[in-house]
There are 2 protein chains.
Amino acid sequence: MTTTVPIEGRILKENDRLAADLRARFESAGLLCLNIISSPGSGKTTLLERTLRGLPDGTRAAVITGDIQTDNDARRIARAGYPVKQITTGGTCHLDASMLTRALEGWDLDRLDLLFVENVGNLVCPTSFDLGEHKKIVLLSVTEGDDKPEKYPGIYRRAGLALITKSDLLPHVDFNVARAREHAQHIHPGLRHIVISCRTGDGLSEWQQWLAVRRAAVAVQPAGASE
Amino acid sequence: MTTTVPIEGRILKENDRLAADLRARFESAGLLCLNIISSPGSGKTTLLERTLRGLPDGTRAAVITGDIQTDNDARRIARAGYPVKQITTGGTCHLDASMLTRALEGWDLDRLDLLFVENVGNLVCPTSFDLGEHKKIVLLSVTEGDDKPEKYPGIYRRAGLALITKSDLLPHVDFNVARAREHAQHIHPGLRHIVISCRTGDGLSEWQQWLAVRRAAVAVQPAGASE
């Protein structure tokens, strides 16, 4: 908010300090942390359900999922058989590093390879809060319109990967994948896009391959993997 | 944000003061003001385009549309032939009463019957900022999932009408209209729902009828129309 810039500045500075601590812990554990951000209903939870089920055997993955209310998402994700914790923010529009720090209490990060953080459904506010993650991943479903990268530039500027979800609905909506990519490239040149459908499986192997490459980079070079 | 409650409290109090001024101006002008809130891509702009084109001849309507970046929506809406102004927030995640006050400068409210305010695409933050409107209207598209009322109770608690949009996509998604209504009723007993599709026209006459009734109430009883 314009009128709170100095206060927001202080909060973000404190958040950055906690995020730096988290980042150091993730690096030292060789743990890849991904911060998943999108509007409500773009398919974050469904993506995680499908992704967890498709991970190579023996992958030590875990999920922290954020919502304003309900633990529906945690219950859905738990069925995939991996550890999951729900952060219920009770009104707050984003996760911050202190919430994530508290949620991680009791988990031994050295025994994890991969941590997904499913942020609160909101394409604006979560963007500003560093959680110490290696990458932010933005999801945009094809039902939301191909103009969204241009209208929400903050997340596209900061994202390390963009997923276009629900591609199975393309025949039924007016969404031009090339135009969405072009808008995003204008804001963030070189940003990688993967077009996926959790319903048909379209693009999921490309996504799993991206994950495998990122995991390998973090595991092999723990000191320099946050690029 | 938990850590900023006292400051947020002050900002909201100042906002409430400005919103009360706006409300008094809307009442005195006999002008129905509606604050349209949803996630990005739920169909706010398309609804306004269709609604403006379907208004009775002679309706004096106008639109204020909010976005973080771009004036795409204002340009789309302008084609319907009604006055429109864009508020570009430049990063702020919601509209507030001071932004709306400034945007209304130069418009003679006594010469308007109907003002739509299209908020920034965000199901969380706009909820807290009173704009002096008669009603908040929440849109939920069927592609977002029927669990959203439960997960975003703030807006459902405060909304005066809920629109379920993109009903033409119902055959292609896993969305149960009855379940969405039930979740919403649990939070806000008696909340009216209208299911619409701007593509097929489904539900639009019911929505126009709702508008006509609300407009008549404001025009006839300007002093008591904010119920």
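Residues numbered from 1 in each chain as written. Chains lettered and ligands numbered in written order. Predicted model: local features only at pLDDT ≥ 70, side-chain atom pairs only at ≥ 80, totals over all residues. Heavy atoms only, no water.

Brief notes about the interface of chain B and chain A
Between chain B and chain A, the residue contacts involve 40 residues of the former and 40 residues of the latter. Both faces considered, chain B and chain A share a buried interface measuring about 3,200 Å² in area, 60% of it formed by carbon and sulfur atoms. At the junction of chain B with chain A, the criterion picks out four salt bridges. When the shortest N-O distance is used, the salt bridge between Asp73(A) and Lys151(B) registers 2.8 Å. The tally of links from chain B across to chain A stands at twelve residue pairs in polar contact (both at pLDDT 80 or more). Elements with a contribution of two residues or more to the side of chain B that touches chain A: helix H1 (5-29), helix H3 (72-78) and helix H5 (148-151) of chain B. Across the side of chain B that touches chain A, the residue classes break down as 14 nonpolar, 15 polar and eleven charged. (Contact = heavy atoms within 4.5 Å. Buried area = accessible area lost by both parts, 1.4 Å probe. Salt bridge = Lys/Arg side-chain N within 4 Å of Asp/Glu carboxyl O. Polar contact = N/O pair within 3.5 Å; in protein donor to acceptor, adjacent residues only side chain to side chain. Helix = DSSP H or I, 4+ residues; strand = E, 2+ residues; numbered from the N terminus. Nonpolar A, V, L, I, M, F, W, Y, C, P; charged D, E, K, R; others polar.)

Quick word on the pairing of strand S4 (residues 114-118) of chain A
Residues and elements named next belong to chain A. Counting buried positions over the five residues of S4 gives five, a clear majority of the element. Side-chain alternation along S4 places Leu-114, Phe-116 and Glu-118 on one buried face and Leu-115 and Val-117 on a second face that is also buried. Of the strand pairs in this sheet, strand S1 (residues 32-37) and S4 are connected by five bridges, and their pairing is parallel. For Asn-35, the partnering residue across the bridge sits in S4 and is Val-117. The pairing of strand S2 (residues 61-67) with S4 spans five bridges and is classified as parallel. Bridging across to S4, Thr-65 finds its partner in Glu-118. (Buried < 20%, exposed > 50% of the residue type's maximum accessible area, 1.4 Å probe, protein only. Pairing = 2+ DSSP bridges.)

Regarding the relation of the copies chain B and chain A
Note that the two copies of the chain are related through a rotation about an axis and a translation along the same axis. When chain B is fitted to chain A, the best match, at an RMSD of 0.0 Å, comes from turning it 180 degrees and sliding it 0.0 Å along the axis. Such a combination of rotation and displacement between the chain copies is what one expects of a two-fold axis. (Least-squares fit on C-alpha atoms with pLDDT ≥ 70 in both.)

Things to note about the side chain of Asn119(A)
All names here are of chain A. With respect to the helices, strands and loops of the structure, Asn-119 is situated in the loop between S4 and strand S5 (135-141). Classification of Asn-119 by relative accessible area gives buried; the value is 0%. Ignoring sequence-local partners within four residues, the contact set of Asn-119 consists of Asn-35, Ile-36, Ile-37, Lys-44, Gly-66, His-94, Leu-95, Pro-126 and Leu-131.

Some points on the pattern of salt bridges
Tallying each qualifying case throughout the model produces 28 salt bridges over all chains. With its nearest N and O atoms 4.0 Å apart, the salt bridge here joins Asp21(A) to Arg17(A). In this pair, Asp21(A) and Arg17(A) both sit in helix H1 (residues 5-29), four residues apart, roughly one turn of the helix. Overall, Arg17(A) belongs to the partly exposed group, its relative accessible area being 44%. Connected via shared salt-bridge partners are Asp67(A), Asp73(A), Asp147(B), Lys148(B) and Lys151(B).

Things to note about the pairing of strand S1 (residues 32-37) of chain B
Within S1(B), six of the six residues are buried, leaving the element largely enclosed by the surrounding structure. The alternating pattern of S1(B) places Leu32(B), Leu34(B) and Ile36(B) on one face and Cys33(B), Asn35(B) and Ile37(B) on the opposite face, and all of these are buried.

Considering the nonpolar core
Note on soluble globular proteins: their nonpolar side chains tend to be buried together. Within the largest apolar cluster, 92 residues are counted, with the highest numbers of intra-cluster contacts made by Leu115(A) and Leu115(B). Setting aside residues no more than four positions away along its own chain, Leu115(A) makes contact with Phe26(A), Leu31(A), Leu32(A), Cys33(A), Leu34(A), Ala62(A), Val63(A), Ile64(A), Leu104(A) and Trp107(A). In this structure, Leu47(B), Ala61(B), Leu114(B) and Phe116(B) belong to the second largest nonpolar core, which totals 28 residues. (Core = buried A, V, L, I, M, F, W, Y, C linked by side-chain atoms within 4.5 Å.)

Remarks on the packing of aromatic side chains
Residues and elements named next belong to chain A. For the structure shown, the criterion picks out two aromatic pairs over all chains. Centre to centre, the rings of Trp-207 and Trp-210 are 5.9 Å apart; their planes meet at 15 degrees, and the pair counts as stacked. With Trp-207 and Trp-210 both in helix H8 (residues 204-220) and three residues apart, the pair spans about one turn of that helix. By the burial criterion, Trp-207 is buried, and Trp-210 matches it. (Phe/Tyr/Trp six-rings, centres within 6.5 Å; stacked < 30°, edge-to-face > 60°.)

Points about helix H2 (residues 44-53) of chain B
Most of H2(B) sits inside the fold, with seven of its ten residues counted as buried. For H2(B), every residue scored as buried is listed here: Lys44(B), Thr45(B), Leu47(B), Leu48(B), Glu49(B), Thr51(B) and Leu52(B).

Regarding unusual backbone geometry
All names here are of chain B. At Thr-70, a residue that is not glycine, the phi angle is positive and equals roughly 75 degrees. As for its placement among the helices and strands, Thr-70 is situated in the loop between strand S2 (61-67) and H3. In the Ramachandran plot, Lys-166 falls in the positive-phi region, its phi being about 60 degrees despite a non-glycine side chain. Position of Lys-166 relative to the elements: it lies in the loop between strand S6 (161-165) and helix H7 (177-187).

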